[in-house]
Amino acid sequence: MKVRPVRFLTFIFMVVLGIHLAEAGAASPLDRFQPSCRLDFSDRLEAPAGDRGFVFAGSDGHFYCADGTRLRLWGVNIAKDSVWQPHETIDHVADLFAQAGLNLVRLHHFDEALLPPDRAGQPERMDPTVLDRLDYWIYACKRRGLYVFIDLLDYRVFSAAEGVEAADKLGRAAKPVAVYNEKLISLQMDYARDLLARHVNPYTGLRYRDDPAICLIEICDEHGMFAAHNRWGDIPSPYREELIRRWNFWLRGRYGTTTALAAAWKNSAGSALGPTERLEDGTVGLPGISPDVVNERVRQPDLRRFCASIERDYLGQMVAYLRSLGVRVPLTAVTQPDSPASVLAAADSLDCLAANYYFGHPIYKTTYPPGVRFTYEAGDALAASGPDTAVRRLSGPKVAGKPLVIREWNVCWPNPNRAAGLLEVAALAARQDVDAMILFSFYAQPEATIVSPFDVSNDPSAWGVMALAGEIFRDAGLRASAPRLAVLWGSTGLYNYVSGAMAGPLYDVARELTVRNWLPGHTEQAADLYAALGAGATDLLPPGTPAVKVIARDSQAPALDKLRALVDGRLPPHNPVRYESGGDLIRIEGAQVQALAGSVKQEVRSSDGRLAWTSATPRAALVWLSRDGGGPDTARSWFAKMVTGAWNTGEQTEPHYRTDAVNLFRLLEPGTAPVHTGGKPSDTPTILRLNGQPVLQLWLRGGTWELHQIDGKRRLYCDTPGVRFDLPDAMGTPVASVPGNSLHPLSGPPWIYPAGAEWVEVMVEPGGTQP
């Protein structure tokens, strides 16, 4: 490939840059943190957070401030080691978050360090150093306009010094024992009291319960009888026996006698009860716990009812106690958000529901060959199918009348299509009117210098689009009216469904519809379409509903085809979130923002043709944002950014296993710093056109760039020096800025993006101010 040489001016810029760096002295560890983009979105925030009063969950299923203002939250997780960083780091990272337009930080997984084993049984249980960092995070976020979401039970270890039997066998968070054992629940309450109601944050002067900047509290993290069902066999004594006693007590309350239970549990042999199982003796076995007890199908609905009753009791206890402490903000928890029985228990007990979404989550197995760190999904999230897709995970847990928080989500490294996947999530969350989206995770510790599965802090493919994805999430045009589907789960039928049912194929229609689950006690006034699942579902229908389309089970293809036909007949002519080319491309068209992401094999246009994009990189993501309310044909102030891939230096992967449904790769070597985007000169240009007119030509393959137009000037940021560019309509010679705001005119044309430049700029309209 023939590449134009970089001119002598590049050498001058490198010299100038070296002088500036020498004057600045040694690089600071904080220098590794880069803004999500060069545009400042902090004007989206209102500081201090909480100035509008305490947040509450409205009866319409959304968050509001005390003054009636609706609150939608776009944020990021700070977890574990990232929490206990020095104040200087906390301030710097909080500034980055505000600049990116985030308005929420979830402080997660800090209880393990805040409650260390060596302080168990002491009057002052919490570690003062960790508590200081937690206090400072809340203070730093609040004063910048970022709300705070905190967890209670994440990863703490219970101790014998606290009076806990067999503590060394319970594991972190004591799953699932901590939701049914009264001693462990009492210890959770003690911790909540000390943290929320007794401790005073020295930086804000407030107890946590009295600080309106703390807008959400999570009772437990991925916990409960359903979520930890695969751990039942490891429950130690005396907790194993306690659970069996609870099971028999619950069955006696439901059936009364062994005879009635045997009649209810009929199977082909007559009854699923064994010859020694008697309610009167408390010997009815618990599947998964009791030896030689088969979890026959006839037992399963009651097993789910029992598990849901434990979760409902636990959550109800914790909610009542937290309210008695004076906690006012919405309370949530994550149990099993794709199980109808668990979701109903959570909806009955909590102010809002919470769930996760991960695409390409690493798969760790001890059976992998030596040298294989993990395997991961390398396919495109846009074209994926099955339960672990964004469309199902963002619509399946949504219950009528309850706000939904996706409190952990990511399209994980090393998946090469992260940028498009993140934009898809933002668009679908906007479409479904999700109330809070919290990316997992931003690593604030200094040793985190490479991209890893959950860390976005060094990732141009993920962090590089986070601010713009927030603009997609907030765009009112993406929440435009669409037909509403009510998925009805009857009081009887919902206990016949296993975990995963709320991520079934029925929820794929959420690409075109807004979807809400109707559960007993949790319905709305009306919907446009109804899908009834299981016995008792039609009891939830409003009186006089004219045409009800019943789906017996969400796995029945004919019923789904019938629903799809009904959906297609109700769709408006324009869907602002559209998938094309077999799912390889997504178009996002809101009121102020447009995006095109995925496979870009030729020129791609918006539906009205006003935005057109030709990419020299086959897979990429482009976001265009109006800054003055105009469209691509009228806006005088606008912004555009293109993101491709990002890799660690020396990162090594290879194919592992592939079918029509999955495309697994192996990670062999994670690589080292620096992270790069693979940018290099190209023989063909990437072209951005607005209303038919080119505004940028950039001879770049891979890499990342941003283009701003404001006040009659056009400014280009590019991470790859030595590439040719053209800014059509230029009125004069482009100038480049190096650190220290030193400006230098470029020689050309052709124009070459110089090494060491922060940006290049040119006037494009008469009357623009020459920099």
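Just so it is clear, the model here is predicted, and its values are computed rather than measured. One numbering rule holds for all chains: residues counted from 1, following each sequence as written. Where local features are concerned, this predicted model is filtered to residues with pLDDT of at least 70; where side-chain atom pairs are given and counted, the filter is 80 or more; whole-chain, interface and lining totals use all residues. Side-chain figures throughout are based on the complete set of non-hydrogen atoms in the structure, without hydrogens or water.

Observations regarding the nonpolar core
Think of a nonpolar core as a cluster: buried Ala, Val, Leu, Ile, Met, Phe, Trp, Tyr and Cys residues, connected wherever their side-chain atoms sit within 4.5 Å. Remark: exposure states derive from per-residue accessible area (1.4 Å probe, protein chains only) relative to the maximum for the residue type, with buried under 20%, exposed over 50%, and partly exposed in between. Counting residues in each nonpolar core, the largest one holds 179 residues, and the members touching the most others are Phe97 and Leu195. Per-element tally for this core: the top contributor is helix H8 (residues 300–324), with 11 residues. Every residue pair with non-hydrogen atoms within 4.5 Å of one another is taken to be in contact. The residues touching Leu195, leaving out its near neighbours within four places in the chain, are Phe110, Leu114, Met126, Leu131, Leu134, Leu152 and Tyr208. With 34 residues, the next largest nonpolar core counts Val600, Phe725, Trp751 and Tyr753 among its residues. Numbering of helices and strands starts at the N terminus; helices are DSSP runs of H or I of at least 4 residues and strands are runs of E of at least 2.

A word on the packing of aromatic side chains
Aromatic rings from Phe, Tyr and Trp, with only the six-membered ring used for Trp, were paired whenever their centres fell within 6.5 Å, and each pair was classed as stacked if the ring planes differed by under 30 degrees, edge-to-face if by over 60, and tilted otherwise. Enumeration over the complete set of coordinates arrives at 24 aromatic pairs. Ring plane angle 65° and centroid distance 5.1 Å describe the contact between Phe442 and Trp463, whose orientation is recorded as edge-to-face. Of this pair, Phe442 sits in the loop between strand S13 (436–439) and helix H12 (463–474) while Trp463 sits in helix H12; the two residues are 21 residues apart in sequence, bridging distant segments of the chain. Looking at Phe442, the relative accessible area reads 0%, which means it is buried. Cation over ring: Arg72 sits above Phe473, and NZ or CZ is 4.0 Å from the ring centre. Either the NZ atom of lysine or the CZ atom of arginine qualifies as a charge over a ring when it sits within 6 Å of the ring centre and within 35 degrees of the ring normal. Here Arg724 stacks its cationic end above the ring of Trp699, 3.8 Å away from the centre of that ring.

Here we look at the state of the cysteines
Should the sulfur atoms of two cysteines be covalently bonded, the bond is a disulfide. Defined by distance alone, a disulfide is two cysteine sulfur atoms within 2.5 Å. The final tally for this structure, using the stated rule, is 0 disulfides. The thiol of Cys141 is not disulfide-bonded; the next cysteine sulfur, from Cys215, is found 11 Å away.

A few points about the side chain of His109
On the secondary structure map, His109 appears in the loop between strand S4 (104–108) and helix H3 (111–114). A distance of 3.3 Å separates the side chain of His109 from the side chain of Glu112, its partner in a polar contact. For this analysis, a polar contact is any N or O atom pair within 3.5 Å, provided that within protein one partner can donate a hydrogen and the other can accept it, and provided that sequence-adjacent residues contribute only side-chain to side-chain pairs.

Examining unusual backbone geometry
Excluding glycine, most residues fall at negative phi; most peptide bonds, likewise, are trans. Residue Ala47 is joined to Pro48 through a cis peptide bond whose omega torsion reads -5°. Note on placement: Pro48 falls in the loop between helix H1 (8–24) and strand S1 (56–57). Cis peptide bonds are those with omega within 30 degrees of zero, and the linkage from Phe440 to Ser441 qualifies with 10°. Structurally, Ser441 can be placed in the loop between S13 and H12.

Some details on the environment of Lys398
Looking at where Lys398 falls in the secondary structure, it is placed in the loop between helix H10 (390–395) and strand S12 (404–411). Look at Lys398 and you get buried, because its relative accessible area is 2%. Residues Lys398 and Val343 lie 55 residues apart in sequence; the distance between their C-alpha atoms is 9.4 Å. Residues contacting Lys398, with those up to four places away along its chain left out, are Gly61, Pro403, Leu404, Asp433, Asp435, Val515, Arg516 and Asn517.

Points about the packing of helix H2 (residues 87–99) against helix H4 (residues 128–144)
With axes taken as lines fitted to C-alpha atoms, and helix axes fitted only over the stretch in contact, angles between N-to-C directions fall between 0 and 180 degrees. Running from amino to carboxyl end, H2 crosses H4 at an angle of 35°, the nearest separation of the two axes being 9 Å. Of the two elements, H2 crosses H4, and the hand of that crossing is right-handed. Residues His87, Ile90, Asp91, Val93, Ala94, Asp95, Phe97 and Ala98 of H2 form the contact with H4, whose participating residues are Asp132, Arg133, Tyr136, Trp137, Ala140, Arg143 and Arg144. In this classification, the charged set is Asp, Glu, Lys and Arg, the nonpolar set is Ala, Val, Leu, Ile, Met, Phe, Trp, Tyr, Cys and Pro, and all remaining amino acids, among them Gly, are polar. Here the residues of the contact of H2 with H4 are counted per class, giving 8 nonpolar, 1 polar and 6 charged. By convention, the crossing between two helices is left-handed when the near helix turns anticlockwise from the far helix through less than a right angle, and right-handed when the turn is clockwise.

Observations regarding the pattern of salt bridges
Here a salt bridge means any side-chain nitrogen of Lys or Arg lying within 4 Å of a carboxyl oxygen belonging to Asp or Glu. Evaluation of the coordinates by the stated rule reveals 58 salt bridges. We note a salt bridge from Asp151 to Arg106, for which the minimum N-O separation is 2.7 Å. Separated by 45 residues along the polypeptide, Asp151 in strand S5 (residues 147–153) and Arg106 in strand S4 bring together distant segments of the chain. The burial state of Asp151 is the same as that of Arg106; both residues are buried. In this structure, Glu669 engages Arg373 in a salt bridge whose closest nitrogen and oxygen atoms are separated by 3.4 Å. With Glu669 in strand S27 (residues 663–669) and Arg373 in the loop between strand S10 (353–359) and strand S11 (374–377), this pair connects stretches of sequence that are 296 residues apart. Overall, the relative accessible area of 35% leaves Glu669 in the partly exposed class. Judged by its relative accessible area of 43%, Arg373 falls in the partly exposed class.

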